[in-house]
Amino acid sequence: MQRRQFITAAAGFLTLAAGGQAAARGAMPQAGQDAAAARAYHSNRRYVATPFGDIAYVERGAGPVALFLHGFPLNSFQWRGALEWLSPYRRCIAPDSMGLGFTRVAPGQGVTPADQVEMLAAFLDKLGIATVDLVANDSGGAVAQLFVLRYPQRVRTLLLTNCDVEPDSPPPALAPVVAMAREGTYPDQWLVPWFNDHTLARSPQGFGGMCFSDPTQPTDAAIEMYFGPLIATPARKALVNAYTLGLDPNPLAGIESALRQCQVPTRIVWGMADDIFSKDSPDYLDAILPNSRGVRRLPKAKLFWPEEYPEVVAEEARKLWGV
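Reading the values: the criteria
- Residues numbered from 1 in each chain as written.
- Predicted model: local features only at pLDDT ≥ 70, side-chain atom pairs only at ≥ 80, totals over all residues.
- Heavy atoms only, no water.
- Helix = DSSP H or I, 4+ residues; strand = E, 2+ residues; numbered from the N terminus.
- Expected span 1.5 Å × (residues − 1).
- Buried < 20%, exposed > 50% of the residue type's maximum accessible area, 1.4 Å probe, protein only.
- Right-handed = clockwise from strand over helix to strand, strands pointing away.
- Pairing = 2+ DSSP bridges.
- Salt bridge = Lys/Arg side-chain N within 4 Å of Asp/Glu carboxyl O.

Further remarks concern helix 12 (residues 234-245). An α-helix turns once per 3.6 residues; consequently, residues spaced three or four apart project the same way. Given a rise of 1.5 Å per residue, 12 residues ought to cover 16 Å, and the 17 Å separating the end C-alpha atoms of helix 12 matches this to within 8%. Those residues of helix 12 that sit buried are Arg236, Leu239, Val240, Asn241, Tyr243 and Thr244.

So this is what it looks like as structure tokens:
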């Protein structure tokens, strides 16, 4: 490793190295390393005060900024492996969306995808960041599409993984979750049982079976990191329900014509074993985005593959960024 890369990789998050070693080998997150990574995330988490609330985030590296938008109901911990891989090339910043993770939402603040877009703009302004390379997954991909249309001058490149697209948002598979959220019961019916029983969470009927290709995923540390803050208080559970309801009706309705004018270089990487989003979506995006750099398909990967295969995120991001 060159001296510049070594200095960049060593800056901040020093204790995250144990968690990143597995990712750096292209391996699935391992229990011991992930426990260390979770402790590092807790100790290195920062907050930015905005009118939307105190936005929790983590960062590694230096130079041009890459902004990582996580999925639902995850948080920035999803990107721990990708940050390990890419911090020698970018200042990698991963915030927690409003309603998820450790972000402290201002009283009365909405948490819809459109609200998330304006929060991110304020967040970047507070950090003095003008432009970013966007990397997104799942509902974070919906936010990314809205962000690039609202603030095209702020986005250098866009890397989209399995996520909402206008014809498939919300996907039919989300209907039971939306129904529970309307009744105010989603966290209690799904997240609390998964948090209390990690084997259930990893089962074919649980979070792991739905969203991860490897039956050992997510790790105990990841389950606790993701669901712990969401079920901590009645107010946090209410925010999770509100976030869910923000996904229905379709937050991307009517954006196709604008996306057809979007000139931001975009790469699409899709897990084809995903049972939640349509397998037609990557071709749809490739067809409507005029500066698409094509599609890469991962035959065995499911929705949250960026957590399992961070080396693929890094490979595709570096090609897109030209580094």
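Resuming the write-up.
Turning our attention to the pairing of strand 7 (residues 155-163). Counted residue by residue, strand 7 has 8 buried out of 9 residues, so it is predominantly covered. Regarding topology, helix 6 (residues 139-150) serves as the crossover connection from strand 6 (residues 132-138) to the parallel strand 7, and that connection is right-handed. By the bridge criterion, 3 bridges tie strand 7 to strand 8 (residues 266-271) in an arrangement that is parallel. The residue of strand 8 that forms the bridge with Leu160 is Ile268.

Here we take up the pattern of salt bridges. In the structure shown here, the tally under the stated rule is 19 salt bridges. The salt bridge partner of Arg150 is Glu118, with a shortest N-O separation of 3.4 Å. With Arg150 in helix 6 and Glu118 in helix 5 (residues 113-126), this residue pair connects regions lying 32 residues apart in the sequence. Residue class for Arg150 comes out partly exposed when judged on its relative accessible area of 47%. Judged by its relative accessible area of 27%, Glu118 is partly exposed.

In terms of burial, strand 6 is largely enclosed, as 7 of its 7 residues are buried. Sheet topology places strand 3 (residues 65-69) next to strand 6; 5 bridges connect them, and they run parallel. Note on strand 6: the bridge partner recorded for Val65 is Val132. In this structure, strand 6 lies alongside strand 7, joined through 6 bridges in parallel fashion. Residue pairing for strand 7: Val135 is matched across the bridge by Leu159.

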